[in-house]
There are 2 protein chains.
Amino acid sequence: MGTIKRSKQREAIKTFLYSRHDHPTAEVVYNNVIKDFPKISLGTVYRNLSFLVDQGEAITVPCEDGSVHFDGRITPHYHFQCTKCGRIHDIDLDDPVYESEVISAPQKKLEDGSVITGHVTFFYGLCGECTGN
Amino acid sequence: MGTIKRSKQREAIKTFLYSRHDHPTAEVVYNNVIKDFPKISLGTVYRNLSFLVDQGEAITVPCEDGSVHFDGRITPHYHFQCTKCGRIHDIDLDDPVYESEVISAPQKKLEDGSVITGHVTFFYGLCGECTGN
DNA sequence: ATACAAAATAGGAATAGATATCATTATTAT
DNA sequence: ATAATAATGATATCTATTCCTATTTTGTAT
């Protein structure tokens, strides 16, 4: 009961996600995996992306604009969305921005008894390409 | 051209939003305003909430779970969502959590030329009522 | 190898949240 | 009071995601 079986589709989805560092959406994953699996359905992509997240093999990146992106990099790191092109970029742990702007949040108790157990910080701005040229 | 005309519905929406500090969703606003305006449509509620946001008279609170809440409090402050009951609470500026965990983000340049212009921090945990009892 | 049970898929329908359209109504300047 | 036009209500549409069911694939036991 509850034994997980592998599937070519799931492996292709995982391989694709891990090969990219640009935080694709479910639809982008679908548009790429379909090249090797012409009959794959969008439902399968969603099901497997959720599966990977449940297994701790991927994370979701919910953005300010409401779109949901997926990330195969599961070690803690921050994200940054370009307000011009919409792409999501990583902010490395050793980047000065990370260290100076945000401090990891330990548990903290508010006056009313609320307990803060974590936080999500999402940066925005303009990426190199959109400021650059 | 482009002159704004007032409407009873818009005023009711604004009044309702300002009367509450629990960050209602568009649907919650609709379910309440409809008591005074039985024929109001959901589209009108969405249209006017967006209008208030555009006018700087309200802000949106996009949550990690994808839901969008509205807030009539426009002075800078942080939010905190209870992972158990889902309610959104304010974190006051003078609360220790605010001061110790997050530092306001000035413009910052990364190695690749990206410029960080802002950030959003969203806290989560358990609210007083959900830890309390 | 073969058969069986469970898990996973494909395809499509269903849902939810949000937007857009458009004829009608309400508000405001004159 | 009238004309111009902004705003509404009702409905249609859109997008992202989930759900359903018959079929296929996979792992295991024989």
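Going by the structure above, here's the rest.
First things first, this report covers the structure right here in the doc. (Residues numbered from 1 in each chain as written. Chains lettered and ligands numbered in written order. Predicted model: local features only at pLDDT ≥ 70, side-chain atom pairs only at ≥ 80, totals over all residues. Heavy atoms only, no water.)

Some remarks on the pairing of strand E6 (residues 115–126) of chain B
Bridge analysis of strand E6 (residues 115–126) of chain A against E6 of chain B gives 11 bridges, and the strand direction is antiparallel. In the strand pairing of E6 of chain B, leucine 126 of chain A is matched with valine 115 of chain B. (Pairing = 2+ DSSP bridges. Helix = DSSP H or I, 4+ residues; strand = E, 2+ residues; numbered from the N terminus.)

A word on helix H3 (residues 42–54) of chain B
Residue and element names in this part refer to chain B. Between the first and last C-alpha of H3 there are 18 Å, a value that for 13 residues agrees with the 18 Å anticipated at 1.5 Å per step. Among the residues of H3, those classed as buried are Thr44, Val45, Asn48, Leu49 and Leu52. Seen from one end, H3 has its buried residues packed into an arc of 130°, which puts them on one side. Exposed side of H3, more than 90 degrees from the buried face: Arg47 and Asp54 are the residues found there. For H3, the secondary structure elements touched by its buried residues are helix H1 (8–19), helix H2 (26–33) and strand E2 (68–71). Of the residues one or two after H3, glycine 56 is the one with positive phi, at around 75°. (Expected span 1.5 Å × (residues − 1). Buried < 20%, exposed > 50% of the residue type's maximum accessible area, 1.4 Å probe, protein only. Arc of directions from axis to C-beta. Contact = heavy atoms within 4.5 Å.)

Examining the side chain of glutamine 81 of chain A
Residues and elements named next belong to chain A. Following the sequence through the fold, glutamine 81 ends up in strand E3 (residues 78–82). Polar side-chain contacts of glutamine 81 include one of 3.4 Å to the side chain of aspartate 65. Every residue in contact with glutamine 81, bar those within four places of it in the chain, is listed here: Cys63, Glu64, Asp65, Gly86, Arg87, Ile88, Phe122, Phe123, Tyr124 and Gly125. (Polar contact = N/O pair within 3.5 Å; in protein donor to acceptor, adjacent residues only side chain to side chain.)

Side note on the protein's contact with DNA strand C
Taken together, 20 residues lie near DNA strand C, and Gly2, Lys5 and Arg47 of chain A together with Arg6 and Tyr46 of chain B sit nearest. In this structure, a base nitrogen belonging to DNA strand C sits 2.5 Å away from a side-chain N or O atom of lysine 5 of chain A. Interatomic distance of 2.9 Å between a side-chain N/O atom of asparagine 48 of chain A and a phosphate oxygen of DNA strand C. Broken down by secondary-structure element, the contributors of at least two residues to the surface near DNA strand C are helix H1 (8–19) and helix H3 (42–54) of chain A. For the surface near DNA strand C, the element with the highest residue contribution is H3 of chain A, accounting for 3 residues. (Near = heavy atom within 4 Å.)

Here we look at the protein's contact with DNA strand D
In the vicinity of DNA strand D lie 21 residues, with Arg6 and Tyr46 of chain A together with Lys5, Ser7 and Arg47 of chain B positioned nearest. For DNA strand D, a phosphate oxygen lies 2.7 Å from a polar atom in the side chain of serine 7 of chain B. In this structure, a phosphate oxygen belonging to DNA strand D sits 3.2 Å away from a side-chain N or O atom of lysine 39 of chain B. Mapped by element, the contributors of at least two residues to the surface near DNA strand D are H3 of chain A together with H1 and H3 of chain B. When residues in the surface near DNA strand D are grouped by element, the largest group, 3 residues, is from H3 of chain B. Class assignment of the residues belonging to the surface near DNA strand D gives a composition of 6 nonpolar, 7 polar and 8 charged. (Nonpolar A, V, L, I, M, F, W, Y, C, P; charged D, E, K, R; others polar.)

Spatial relationships are all this shows, so hold off on functional conclusions.
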